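Take a look at the letters that make up each chain.
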Amino acid sequence: MTDYRTGCMVCGKPLRYLEATEKHECAYCHEVRPTNTLCTDGHFVCDRCHQLEADDAIEEYCTKTTDTDPIRMAITLMQNPVVNMHGPEHHFLVPAVLLAAYCNVTGHPDRKVKLIATARERAGMIKGGACGFMGDCGAAVGTGIFISLVTGATPLSHREWQQANLVVAKSLMTVALHGGPRCCKRNTFLAIQGAVAFAEENLGVKIPLDPKVTCTFYGMNNECRTKDCPFYPVR
């Protein structure tokens, strides 16, 4: 079976979003799971199968890299064919590259393995399509996972709790103001930029970031907003 990087992973045809949740059999693992998403030919791939290989690649790369620019890391990972144009793997990609950059910049690369593994576990709780169905883009929520882990926040924390929620609120506002439809690449770039600025302002940690980000994935996105996207290369 061929995997497609955009649209349906089984046949490449466009996805359609259902008004109500239905139960369908995953084309890969054959588990019957609830979903709001099918392709036009009726294929369904569950979140776990959609992101499994990608999450493995993200975790391995981020725990080993010595890079300090999280957007450069993100682009490197996005170029890997196991990372689809859209999908819940971006919910893990965001905190993973931010944690890798943070640990490398602060001189504690030994912390990456545990932190990134925990980020993967937490990101796995964010459902695919949450941006449209629940109003909480997973890339933005990923910034909260990042801040929560580096500050040690828990539901009983004070300032750390505030910071984790505040970074997500700011990320969601930025993503929302750029408008829909969703683009996992655009929202990932926006979330990372916001989290880097937040870390410098609130944690005193300056993570280097190339100020000029150019998207090379627009040709894979049927809903690309082209010149209305800040990362579109043609002006």
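Residues numbered from 1 in each chain as written. Predicted model: local features only at pLDDT ≥ 70, side-chain atom pairs only at ≥ 80, totals over all residues. Heavy atoms only, no water.

Looking now at a nonpolar patch on the surface. On the surface, a nonpolar cluster with roughly 410 Å² of combined accessible area is contributed by Leu15, Tyr17, Phe133 and Met134. Inspection of the secondary structure puts Phe133 in helix α5 (residues 130–133). Using a relative accessible area of 39% as the deciding quantity, one classes Phe133 as partly exposed. (Patch = residues over 30% accessible without salt bridge, like charges linked within 9 Å, V, L, I, M, F, W, Y side chains within 5 Å. Areas by Shrake-Rupley, 256 points an atom, 1.4 Å probe, with all protein chains shown as cover. Salt bridge = Lys/Arg side-chain N within 4 Å of Asp/Glu carboxyl O. Helix = DSSP H or I, 4+ residues; strand = E, 2+ residues; numbered from the N terminus. Buried < 20%, exposed > 50% of the residue type's maximum accessible area, 1.4 Å probe, protein only.)

Before going further, it helps to spend a moment on the packing of aromatic side chains. Enumeration over the complete set of coordinates arrives at 4 aromatic pairs. Residues Tyr218 and Tyr232 carry aromatic rings whose centres are separated by 5.1 Å and whose planes lie at 75 degrees to one another, so their mutual orientation is edge-to-face. Residue Tyr218 is found in the segment after α8 (184–203), and its partner Tyr232 is found in the segment after α8; the two are separated by 14 residues along the sequence. With a relative accessible area of 34%, Tyr218 lands in the partly exposed category. Over the ring of Phe217 we find Lys185, and its NZ or CZ is 5.3 Å from the ring centre. (Phe/Tyr/Trp six-rings, centres within 6.5 Å; stacked < 30°, edge-to-face > 60°. Lys NZ or Arg CZ within 6 Å of the ring centre and 35° of its normal.)

Where helix α1 (residues 47–64) contacts helix α4 (residues 112–123), the two axes come as close as 9 Å, and the packing angle between them is 155 degrees. As summarised for this structure, α1 and α4 are arranged roughly antiparallel, according to the angle between their axes. The element α1 and its partner α4 pack so that their crossing is right-handed. Two secondary-structure elements touch here, α1 through Leu52, Asp55, Asp56, Glu59, Cys62, Thr63 and Lys64 and α4 through Lys112, Val113, Ile116, Ala117 and Arg120. (Axes fitted to C-alpha atoms, helices over the stretch in contact; angles between N-to-C directions. Parallel < 35°, antiparallel > 145°, perpendicular 65-115°, else oblique. Left-handed = near helix turned anticlockwise from the far one by under 90°. Contact = heavy atoms within 4.5 Å.)

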